[in-house]
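# Remarks on the overall topology
Chain by chain, the residues run as shown.
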Amino acid sequence: MWGVEGRQRSRAARGLSHQRPARRAGPFPGPHPPHPAPAFLLAVALLLVTALAARAAPADWILSGRYVITEDASHRVIENGAVAVTADRIVAVGPKAEIDAHYQAKQRLDRPGAIIAPGLINTHTHAAMSLFRGIADDLRLQDWLEKYIFPAEANNVSPDFVRWGTRLGCLEMLLGGTTTFTDMYYFEDVVAEAAKEAGMRGVLGETIIGFPVADNKTPADALQYTERYLQRFRHDPLIVAAVAPHALYTNSDETLKASRELAGRYRVPLLIHVSETRKENDDELAKRHTTPTQTLDSLGVFSGRTVAAHCVWVNDADMAILKARGVGVAHCPSSNMKLASGVAPVVRMLALGIAVGLGPDGPAGSNNDFNLFEEMDLAAKLQKVTMLDPQVLPATAALEMATIGGARVLGMEKEIGSLEPGKRADIITVRTDRPNAVPLYDPISQMVYALKADDVRDVMVNGKPVVRDGRILTLNQAAILAKAAEYRDRIKASLK
Ligand SMILES: [Zn+2]
């Protein structure tokens, strides 16, 4: 609010300058002004005041650093740069000297050694599953799901579990520089509450699945639950409520069509797992002689904003469909590697112009953390080693997937994903003074291959600081860690 008032004050000041009270005040412009010298001085003084007022526009924040990585269309990196923020928006990005000359900020964050970058965007995860972190590793996906995750979920998932698990997930994500997360789970309304409490942006999809789960016993119940949830979080400044049918193989055709219809009616995204494993493809080919992508397309599931997680086993015809329908892909390299799912053809997708973002998936068994620095690094290296070519996916492309590329996947590229005037102020600072960060030749290469989630120092979401100097400002970290330990004992006992 302060910023809005400030802008109005500034406009008022400029307005005054156009009125030129000195001219109205008497016969000064006449042929024989009685006091030319004082009139001239007054005019000069007024011009100076006007110029200063116009130059120093008010802002709520100025953040400055050694480099500002903008991720704008020209991939501009500004050395000794700064970002000005008013309310929830970025108002200017440029060299620090220019920003300082043009803006008078209420608060400043000067990090002369740091990189300032757009907040990272997670396009696929299950935050509350953080409470299952490491419950069972090194298993086949089907064994992991059927022997551990489904029983553990059946015994433990409740609104309280989801609240504390999401708090833990948001805590880890924010400390590691993620400002937006895309989630699929149960009790997603509780996920949304926890995300808002954390001050984090979320595209949060309520799971719809063809068997009884913790929050709903039938898909019909789940669809009703989802609709109430969509209504509740409509127009929220941080939360985009979404519809998340789990996958093709866990839902009937009718449920998938109803999910699309619901998402379409509320104009919200649909989130779904697609072609994660070879088995999923083989089963669908055996059943209908079409790939999962072709089946989903024929059901009309892609006829609106869709985020498809994984897309490991997509062929050229599938990718043509994804491109034609504007489906965004959430690439999850850690998860695909850990579960030995395969390698998504990311280079081909990017060449076709498909929007590709990054997700940690997980964190229980399929990855075990929410670290987008790791995902950037692995995304680049996985394509290089698979294609035996170190040039196929450079650092610039990996960072793009974690920022503006992820925003495109979510259909939010006009709002987030880069540091540009008019966009939401989702901004991170990353320290570059630790042994893993020096010396620094290229800040983008450093972000992808050398810096760690731990190097994130400050995080702002929607113009509000949520992490300052490596400490969370919005959540009770000690209480979350204690609760995680408590849940660990309870979950372990429930599996015996
Ligand atoms: Zn997943």
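Residues numbered from 1 in each chain as written. Predicted model: local features only at pLDDT ≥ 70, side-chain atom pairs only at ≥ 80, totals over all residues. Heavy atoms only, no water.

## Observations regarding the coordination of the zinc ion
Distances from the zinc ion to its protein donors, His 124 (NE2), His 126 (NE2), His 273 (NE2) and Asp 361 (OD), fall at 2.1 to 2.4 Å. Here the zinc ion is ringed by four donor atoms whose angles at the metal span 85 to 170°, and the overall shape comes out irregular. Sequence positions of the residues that donate to the zinc ion give the spacing H-x1-H-x146-H-x87-D. With His 126 in the loop between strand 5 (120-125) and helix 5 (141-156) and His 273 in strand 9 (residues 270-274), this pair connects stretches of sequence that are 147 residues apart. No difference in accessibility class separates His 126 from His 273, as the two residues are buried. (Donors = N, O, S within 2.8 Å, 3.2 Å for Na, K, Ca; no water. Tetrahedral: all angles 85-135°; square planar, octahedral: opposite > 155°, others 65-115°. Helix = DSSP H or I, 4+ residues; strand = E, 2+ residues; numbered from the N terminus. Buried < 20%, exposed > 50% of the residue type's maximum accessible area, 1.4 Å probe, protein only.)

## Points about the side chain of Lys 483
As for its placement among the helices and strands, Lys 483 is situated in helix 19 (residues 477-494). In this view, Lys 483 contacts Asp 160 and Trp 164; residues no more than four positions away in its chain are not counted. (Contact = heavy atoms within 4.5 Å.)

## Brief notes about empty space enclosed by the protein
Per the counting criterion, the structure on display carries four cavities of 30 Å³ or more. When its volume is computed, the largest cavity comes out at roughly 280 Å³. For the largest cavity, the lining is made up of 21 residues, of which His 126, Met 129, Leu 145, His 246 and His 273 are closest to its centre. Every element with two or more residues in the lining of the largest cavity is listed here: helix 5 and strand 6 (178-185). The greatest single-element share of the lining of the largest cavity, amounting to six residues, is contributed by helix 5. Space inside the second largest cavity adds up to approximately 60 Å³. What lines the second largest cavity is Trp 61, Leu 63, Leu 109, Ile 427, Ile 428, Thr 429, Asp 458, Val 459, Met 460, Pro 465, Val 467 and Arg 468. Elements supplying a minimum of two residues to the lining of the second largest cavity: strand 1 (57-69), strand 13 (427-430), strand 14 (456-461) and strand 15 (464-468). (1 Å grid on protein atoms, 1.4 Å probe; cavity = no way out; pocket = protein on both sides within 12 Å on 5 of 7 lines; lining within 4 Å. Points joined across faces, edges and corners; volume = space filled by probe spheres on them.)

## What about the packing of aromatic side chains?
Under the defined criterion, the tally for this structure stands at five aromatic pairs. Look at Phe 161 and Tyr 487: their rings are 5.5 Å apart centre to centre, the planes differ by 85°, and that puts the pair in the edge-to-face class. Of this pair, Phe 161 sits in helix 6 (residues 159-175) while Tyr 487 sits in helix 19, placing them 326 residues apart in sequence. Taking the relative accessible area as the measure of exposure, Tyr 487 reaches 1% and is therefore buried. Judged by centre distance (4.9 Å) and plane angle (50°), the ring pair of Tyr 185 and Tyr 186 falls under tilted. Overall, the relative accessible area of 3% leaves Tyr 185 in the buried class. Residue classification places Tyr 186 among the buried positions, given a relative accessible area of 6%. (Phe/Tyr/Trp six-rings, centres within 6.5 Å; stacked < 30°, edge-to-face > 60°.)

## Some remarks on the packing of helix 6 against helix 19
Direction vectors running N to C along helix 6 and helix 19 enclose 130°, while the axes themselves pass 10 Å from each other. It follows from the interaxial angle that helix 6 and helix 19 lie oblique. Our pair here, helix 6 against helix 19, has a crossing hand that is left-handed. Contact with helix 6, carried on its side by Asp 160, Phe 161, Trp 164, Arg 167, Leu 168, Leu 171 and Leu 175, involves Gln 477, Ala 479, Ile 480, Leu 481, Lys 483, Ala 484, Tyr 487 and Ile 491 of helix 19 and no other residues of that element. Considering only residue class, the contact of helix 6 with helix 19 consists of 11 nonpolar, one polar and three charged. (Axes fitted to C-alpha atoms, helices over the stretch in contact; angles between N-to-C directions. Parallel < 35°, antiparallel > 145°, perpendicular 65-115°, else oblique. Left-handed = near helix turned anticlockwise from the far one by under 90°. Nonpolar A, V, L, I, M, F, W, Y, C, P; charged D, E, K, R; others polar.)

## Re the side chain of Thr 255
Looking at the element boundaries, Thr 255 is found in helix 9 (residues 253-266). Within the local environment of Thr 255, its side chain forms a polar contact with the side chain of Ser 252, the two groups lying 2.9 Å apart. Look past the residues within four positions of Thr 255 in its chain and what remains in contact with it is Ile 208 and Pro 219. (Polar contact = N/O pair within 3.5 Å; in protein donor to acceptor, adjacent residues only side chain to side chain.)

## Details of the packing of helix 7 (residues 188-198) against helix 8 (residues 219-232)
With their axes 10 Å apart at the nearest point, helix 7 and helix 8 run at an angle of 25° to one another. Between helix 7 and helix 8, the interaxial angle falls into the category roughly parallel. On the side of helix 7, the interface is formed by Glu 188, Asp 189, Ala 192 and Glu 193, while helix 8 contributes Tyr 225, Tyr 229 and Arg 232.

## Digging into the pairing of strand 15
Where strand 14 meets strand 15, three bridges bridge the pair, whose relative direction is antiparallel. Residue pairing for strand 15: Val 459 is matched across the bridge by Val 467. In textbook terms, the turn of a hairpin is the stretch between consecutive antiparallel strands, and for strand 14 and strand 15 this stretch comprises two residues, one of which, Asn 462, has a positive phi near 55°. (Pairing = 2+ DSSP bridges.)

## Quick look at helix 10 (residues 278-288)
Of all the positions in helix 10, only Glu 280, Asn 281 and Glu 284 are classed as buried. What you see down the axis of helix 10 is that its buried residues fit within an arc of 95°, all on one side. When the buried face of helix 10 is taken as reference, the exposed residues oriented beyond 90 degrees from it are Arg 278 and Ala 286. Contacts from the buried residues of helix 10 go to strand 9 and helix 11 (292-298). Residue His 289 follows helix 10 closely and has a positive phi angle near 65°. (Arc of directions from axis to C-beta.)

## What to know about a nonpolar patch on the surface
Residues Leu 139, Tyr 148 and Leu 495 make up a contiguous nonpolar surface patch of roughly 210 Å² in combined accessible area. Note that Tyr 148 resides in helix 5. (Patch = residues over 30% accessible without salt bridge, like charges linked within 9 Å, V, L, I, M, F, W, Y side chains within 5 Å. Areas by Shrake-Rupley, 256 points an atom, 1.4 Å probe, with all protein chains shown as cover. Salt bridge = Lys/Arg side-chain N within 4 Å of Asp/Glu carboxyl O.)

## Focus on the state of the cysteines
In this structure the tally under the stated criterion is zero disulfides. Take Cys 311: it sits in no disulfide, and the sulfur closest to it among the cysteines is that of Cys 332, at 9.5 Å. Accessibility expressed as a relative area gives 0% for Cys 311, which makes it buried. Relative accessible area serves as the criterion here: at 0%, Cys 332 is assigned to the buried category. (Disulfide = S-S within 2.5 Å.)

Without other data, these values stay purely geometric and don't point to any function.
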